[in-house]
Amino acid sequence: NDRAAHNVELEIYSKDGQKKWVSTNIRAVRNADGKVVLHEGTVEDITTRKKAAAIQEELSRIIATVPGIVYSFLMRPDGSTAIPFASSALHDIFDVVPDAVRDDAGPLLAAIHPDDLPHFNAAVADSFRSLTPWHDEFRVNHPKRGLLWVKVDALPERKEDGSVLWHGFLIDDTERKQLESQLLQAQKMEAVGRLAGGVSHDFNNIMGIVIGYSDLIAETLPPSDLNLCRILKIKDAAQRATALIRQLLAFSRMQVSAPTLMDLGMHITHLAEMLPRLLGEDIQLILSLDKDLWTVKADPSQIDQVLLNLVVNARDAMPQGGKLVIETHNVELDGSSVIMPPDVPPDRKSTRLNSS
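Here the structure is a predicted model, which means the values were calculated and not measured. (Residues numbered from 1 in each chain as written. Predicted model: local features only at pLDDT ≥ 70, side-chain atom pairs only at ≥ 80, totals over all residues. Heavy atoms only, no water.)

K.L.:
What is the right way to read the overall build of the chain from this model?
P.N.:
The number of helices and strands found in the chain is 9 helices and 13 strands. Taken over 356 residues, the chain has a buried fraction of 31%. When contacts within the chain are restricted to residue pairs at least 6 apart in sequence, long-range pairs at least 24 apart make up 53% of them. Accessible surface, the chain: about 23200 Å² in total, of which carbon and sulfur atoms supply 56%. (Helix = DSSP H or I, 4+ residues; strand = E, 2+ residues; numbered from the N terminus. Buried < 20%, exposed > 50% of the residue type's maximum accessible area, 1.4 Å probe, protein only. Contact = heavy atoms within 4.5 Å. Areas by Shrake-Rupley, 256 points an atom, 1.4 Å probe, with all protein chains shown as cover.)

K.L.:
Mind showing me how you'd approach helix 5 (residues 174–220) here?
P.N.:
Given 3.6 residues per turn, any residue in an α-helix points the same way as the ones three and four places further on. For helix 5, spanning 47 residues, the distance from its first C-alpha to its last is 67 Å, which sits close to the expected 69 Å at 1.5 Å a residue. Here helix 5 has its buried residues at Thr174, Lys177, Gly193, Ala196, Gly197, Ser200, Met207, Ile211, Ser214 and Ala218. (Expected span 1.5 Å × (residues − 1).)

K.L.:
Can you walk me through the packing of helix 7 (residues 264–272) against helix 9 (residues 300–316) in this structure?
P.N.:
What describes two packed helices is the angle between their axes and the distance between those same axes. The contact between helix 7 and helix 9 brings their axes to 11 Å, and the two run at 60 degrees. Judged by the inter-axis angle, helix 7 sits oblique to helix 9. Crossing hand, helix 7 versus helix 9: right-handed. In contact with Leu264, His267, Ile268 and Leu271 of helix 7, helix 9 contributes Pro300, Ile303, Asp304 and Leu307. Split into classes, the residues belonging to the contact of helix 7 with helix 9 amount to 6 nonpolar, 1 polar and 1 charged. (Axes fitted to C-alpha atoms, helices over the stretch in contact; angles between N-to-C directions. Parallel < 35°, antiparallel > 145°, perpendicular 65-115°, else oblique. Left-handed = near helix turned anticlockwise from the far one by under 90°. Nonpolar A, V, L, I, M, F, W, Y, C, P; charged D, E, K, R; others polar.)

K.L.:
Would you explain the side chain of Asp116 in this entry?
P.N.:
With respect to the secondary-structure elements, Asp116 resides in the loop between helix 3 (106–109) and helix 4 (117–130). A relative accessible area of 12% places Asp116 in the buried class.

K.L.:
Where do I start with the packing of aromatic side chains in this structure?
P.N.:
Two aromatic rings are characterised by how far apart their centres lie and by the angle between their planes. Within this structure, the stated rule accounts for 5 aromatic pairs. Geometrically, the ring pair formed by Phe120 and Phe138 is edge-to-face, given 5.1 Å between the ring centres and 75 degrees between the ring planes. Highlighted residues: Phe120 in helix 4 and Phe138 in strand 6 (residues 134–142), separated in sequence by 18 residues. Both residues of the pair, Phe120 and Phe138, count as buried. Put simply, the rings of Phe73, Phe120, Trp134, Phe138 and Trp166 touch in pairs and so form one group of aromatic residues. A cation over a ring is seen here: Arg158 above Phe128, with NZ or CZ 5.0 Å from the ring centre. Directly above the ring of Trp149 sits Lys177, whose terminal nitrogen or CZ lies 4.5 Å from the centroid. (Phe/Tyr/Trp six-rings, centres within 6.5 Å; stacked < 30°, edge-to-face > 60°. Lys NZ or Arg CZ within 6 Å of the ring centre and 35° of its normal.)

K.L.:
Explain empty space enclosed by the protein here, please?
P.N.:
To find the voids left in a structure, one rolls a probe of water-molecule size over its atoms. Enumeration according to the criterion identifies 1 cavity of 30 Å³ or more in this entry. The calculated volume of the largest cavity comes to roughly 100 Å³. Around the largest cavity, the lining residues are Ile69, Tyr71, Phe73, Ile83, Leu90, Phe94, Leu108, Phe120, Trp134, Phe138, Val152 and Leu170. Counting only elements with at least two residues in the lining of the largest cavity, the list comes to strand 4 (69–75), helix 2 (90–94) and strand 6. Looking at which element gives the most residues to the lining of the largest cavity, the answer is strand 4, with 3 residues. Looking at the lining of the largest cavity, its residues break down into 12 nonpolar, no polar and no charged. (1 Å grid on protein atoms, 1.4 Å probe; cavity = no way out; pocket = protein on both sides within 12 Å on 5 of 7 lines; lining within 4 Å. Points joined across faces, edges and corners; volume = space filled by probe spheres on them.)

K.L.:
Is there a simple way to explain a nonpolar patch on the surface in this structure?
P.N.:
A contiguous nonpolar patch, built from Leu195, Val199, Phe203 and Ile206 and spanning about 380 Å² of accessible area, is present on the exposed surface. Classification of Val199 by relative accessible area gives partly exposed; the value is 49%. (Patch = residues over 30% accessible without salt bridge, like charges linked within 9 Å, V, L, I, M, F, W, Y side chains within 5 Å. Salt bridge = Lys/Arg side-chain N within 4 Å of Asp/Glu carboxyl O.)

K.L.:
Where do I start with the sheet that holds strand 8 (residues 164–172) in this structure?
P.N.:
Backbone-to-backbone hydrogen bonds join strands into a sheet, with any given pair of strands oriented parallel or antiparallel. One open sheet holds the 5 strands; their spatial order is 5-4-8-7-6, and the pairing between them is antiparallel. One side of each edge strand has no neighbouring strand; the edge strands of this open sheet are strand 5 (81–86) and strand 6. The sheet shows a mean angle of 30 degrees between the axes of neighbouring strands, taken without regard to direction. For strand 7 (residues 146–158) and strand 8, the ladder comprises 9 bridges, and the chain directions are antiparallel. Following the sheet pairing, Arg158 is matched in strand 8 by Val164. Packing against the sheet, helix 4 makes contact with strand 4, strand 6, strand 7 and strand 8, and its axis sits at approximately 150 degrees to strand 6. Here helix 5 sits on the sheet and contacts strand 6, strand 7 and strand 8; the angle it forms with strand 7, its principal contact strand, is near 120 degrees. (Pairing = 2+ DSSP bridges.)

K.L.:
I keep staring at the side chain of Ser214 and nothing clicks. Help me out?
P.N.:
If you trace the backbone, Ser214 turns up in helix 5. On the accessibility criterion, Ser214 (5% relative accessible area) is buried. Contacts of Ser214, omitting those with residues within four sequence positions, involve Ile231, Ile234 and Lys235.

K.L.:
Hey, could you run me through helix 7 in this one?
P.N.:
The complete set of buried residues in helix 7 reads Leu264, Gly265, His267, Ile268, Leu271 and Ala272. Projection of helix 7 onto a plane perpendicular to its axis shows the buried side chains occupying an angular sector of 160 degrees, all on one side. The N-cap of helix 7, judged by a side-chain oxygen 3.1 Å from the amide nitrogen of Gly265 a few residues on, is Asp263. (Arc of directions from axis to C-beta. Polar contact = N/O pair within 3.5 Å; in protein donor to acceptor, adjacent residues only side chain to side chain.)

K.L.:
What am I meant to see in the pairing of strand 6 here?
P.N.:
Both faces of the sheet carry side chains from a regular strand, because those side chains alternate between them. Relative to strand 7, strand 6 runs antiparallel, the two sharing 9 bridges. Within strand 7, the residue paired with Asp136 across the bridge is Val152. Here strand 6 hands over to strand 7 after 3 residues, the two strands then running antiparallel side by side.

This is the structure we're talking about:
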């Protein structure tokens with residue numbers, strides 16, 4: 001076939017020793033008998049193109065290691081948009097591939113949270129008019145990863161046709177936003193704790209007066225007086241209120257540690273009266289308390305804090321409901337104990353709390 005051609009790219013060296021790339025396009029010319037009589041074709045120096053391709057490949061490798069997206073964003077005078085270039089990380093954040101938005105950025109813009117889209121459009125329009133750097137934060141709805149926060153930084157340049165082309169970076173800022181939200185929540189909880197501590201101290205003083213006057217009145221009444229029972233109920237209610245105050249102080253971490261000898265079973269029984277409100281209706285609370293528990297020396301408020309932490313963690317682990325068992329019994333720790341606090345020596349009698 002006289003028209004058959006072969007294209008080959010070759011690496012050669014020029015007379016001065018420089019390495020070059022050439023593209024050859026050669027075809028065989030045959031005579032009437034079908035014999036090849038000559039070869040003709042062209043040779044093109046493609047060294048510059050090869051170097052550009054190598055630089056582009058190296059640049060692509062570098063861009064792939066950059067956190068986030070390296071991109072170009074184009075807005076034409078008619079308001080239409082495109083993403084002429086974007087690194088492969090575009091798919092991780094917007095769930096679209098770069099080729100899908102090369103001529104039309106519509107699929108990418110559709111992923112922006114509807115509540116953030118007006119602010120996004122206003123920021124782009126302002127940068128388009130003034131050619132000021134574009135800095136913005138907005139949310140993106142990812143079909144698999146959920147709601148993401150992204151942060152963009154880009155510099156604009158005006159093109160001859162009136163379009164503006166931004167070159168910049170876009171990063172996934174979700175983790176930082178979540179940590180920021182957690183910090184704010186922690187600060188709110190700290191403020192609530194301080195408020196609870198302050199109110200609790202004042203309320204505790206009031207309850208001390210109620211309990212004190214209840215004792216004084218009770219001492220003036222004979223055992224047969226019906227009002228004595230009523231006064232004792234007032235005192236009991238005040239003591240219960242004091243116990244609640246102690247729990248608030250423990251929550252606010254403003255309670256000074258005051259270890260005392262205590263009956264752990266009785267303490268848990270009293271605390272359990274308020275736990276159903278914390279657990280909700282879908283979780284059943286079961287107490288399995290050893291009747292012959294040894295007396296323990298501990299700070300009641302810290303015991304309350306431990307129990308409340310166990311209860312809250314167990315509740316969060318059972319979103320569909322279930323059973324929460326608080327169990328106590330006596331144990332003796334020895335050298336073969338699987339789990340042993342570092343500050344508790346072997347052979348020391350202790351009481352263990354189980355939550356399941």
